[in-house]
Amino acid sequence: SLDLIAHIAEGSFRDAAKMLEIVSLEGDTSPEAVQKSLGVTNDVNDLLISLATNNPTDALTWVTKAAEQGSDFKFIIEQLLSVLHIELLGKYKIEKGSPKLASLTVKQIALFISLLQKAYGQLRISPITSLPLEIAIVEYCTQQETNIKN
């Protein structure tokens, strides 16, 4: 729980102290409760499976629900990048990838990583916190549909 707070606070003592105060007022310091209190979602696998099956509707629905729960999209994109990084290395037998994402090719993984990095950079300037991730999803799925048609 403290690692999560430190990660989200990004070295800001004031932010970390505020988060610690929020968590302590709620009384439950389990990792799940801390994630909920801080608006952090833990399971990006459903989102990635939607993308692996080229299902933009499910992916965008997942993002909408995360936004309604007050999730931290910076943290979500970081989680997605971390999982995709492992998947990319798994394709080259450096790490062990997830069997659920085995259908993704190296090209697809690299494309989505690139789109997520772009979305990550746009988070600070976006008036809608979920919008950069939504645009990345739409661009990814649109490119996949184009590739299927060709």
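Keep in mind it's a predicted model, so treat the numbers as computed, not measured.

### A closer look at the overall build of the protein
Move 1: A count of helical and extended segments in the protein gives eight helices and zero strands.
Move 2: When the elements of the protein are put in sequence order from the N terminus, they spell out α-α-α-α-α-α-α-α.
Move 3: Taking 2.2 N^0.38 as the reference for a compact globule, 150 residues should give roughly 15 Å; the C-alpha atoms of the protein span a radius of gyration of 16 Å, in line with that estimate.
Move 4: In terms of principal-axis extent, the alpha carbons of the protein reach across some 55 × 35 × 25 Å.
Move 5: Relative to its full complement of 150 residues, the protein shows a buried share of 39%.

### Brief notes about unusual backbone geometry
Move 1: Of note, the phi angle at Asn-54 is positive, near 50°, even though the residue is not glycine.
Move 2: When you line up the elements, Asn-54 lands in the loop between α4 (45–52) and α5 (56–68).

### Structural notes on the environment of Pro-31
Move 1: For Pro-31, the location among the structural elements is in helix α3 (residues 31–37).
Move 2: Residue Pro-31 is classed as partly exposed on the basis of its relative accessible area of 44%.
Move 3: It is 8.9 Å that separates the C-alpha atoms of Pro-31 and Leu-2, two residues lying 29 residues apart in sequence.

### What about helix α6 (residues 73–91)?
Move 1: Compared with the 27 Å implied by 1.5 Å per residue over 19 residues, the 27 Å span of α6 between its first and last C-alpha is a close match.
Move 2: Listed in full, the buried residues belonging to α6 are Phe-73, Phe-75, Ile-76, Ile-77, Glu-78, Gln-79, Leu-80, Leu-84, Glu-87 and Gly-90.
Move 3: The residue sitting at the N-terminus of α6 and contributing the capping side-chain oxygen is Asp-72; that oxygen lies 3.0 Å from the backbone nitrogen of Lys-74.
Move 4: Where α6 ends, the next residue or the one after it, Lys-93, has phi of about 65°, a positive value.

### Comments concerning the confidence of the model for the protein
Move 1: Of the residues in the protein, 91% have a pLDDT of 70 or more, and the chain-wide mean is 87.
Move 2: The least confident element of the protein, judged by mean pLDDT, is helix α1 (residues 2–9) at 70; the most confident is helix α7 (residues 106–122) at 97.

### Looking at the side chain of Glu-134
Move 1: Looking at where Glu-134 falls in the secondary structure, it is placed in helix α8 (residues 131–149).
Move 2: Not counting chain neighbours up to four residues away, the residues in contact with Glu-134 comprise Leu-60, Val-63 and Thr-64.

### Digging into the pattern of salt bridges
Move 1: Enumeration over the complete set of coordinates arrives at two salt bridges.
Move 2: Here Lys-118 and Glu-139 are joined by a salt bridge, their closest N and O atoms 3.8 Å apart. With Lys-118 in helix α7 and Glu-139 in helix α8, this pair connects stretches of sequence that are 21 residues apart.

Conventions adopted
Residues numbered from 1 in each chain as written. Predicted model: local features only at pLDDT ≥ 70, side-chain atom pairs only at ≥ 80, totals over all residues. Heavy atoms only, no water. Helix = DSSP H or I, 4+ residues; strand = E, 2+ residues; numbered from the N terminus. Rg over C-alpha atoms; globule rule 2.2 N^0.38 Å. Buried < 20%, exposed > 50% of the residue type's maximum accessible area, 1.4 Å probe, protein only. Expected span 1.5 Å × (residues − 1). Polar contact = N/O pair within 3.5 Å; in protein donor to acceptor, adjacent residues only side chain to side chain. pLDDT = per-residue confidence, 0-100. Contact = heavy atoms within 4.5 Å. Salt bridge = Lys/Arg side-chain N within 4 Å of Asp/Glu carboxyl O.

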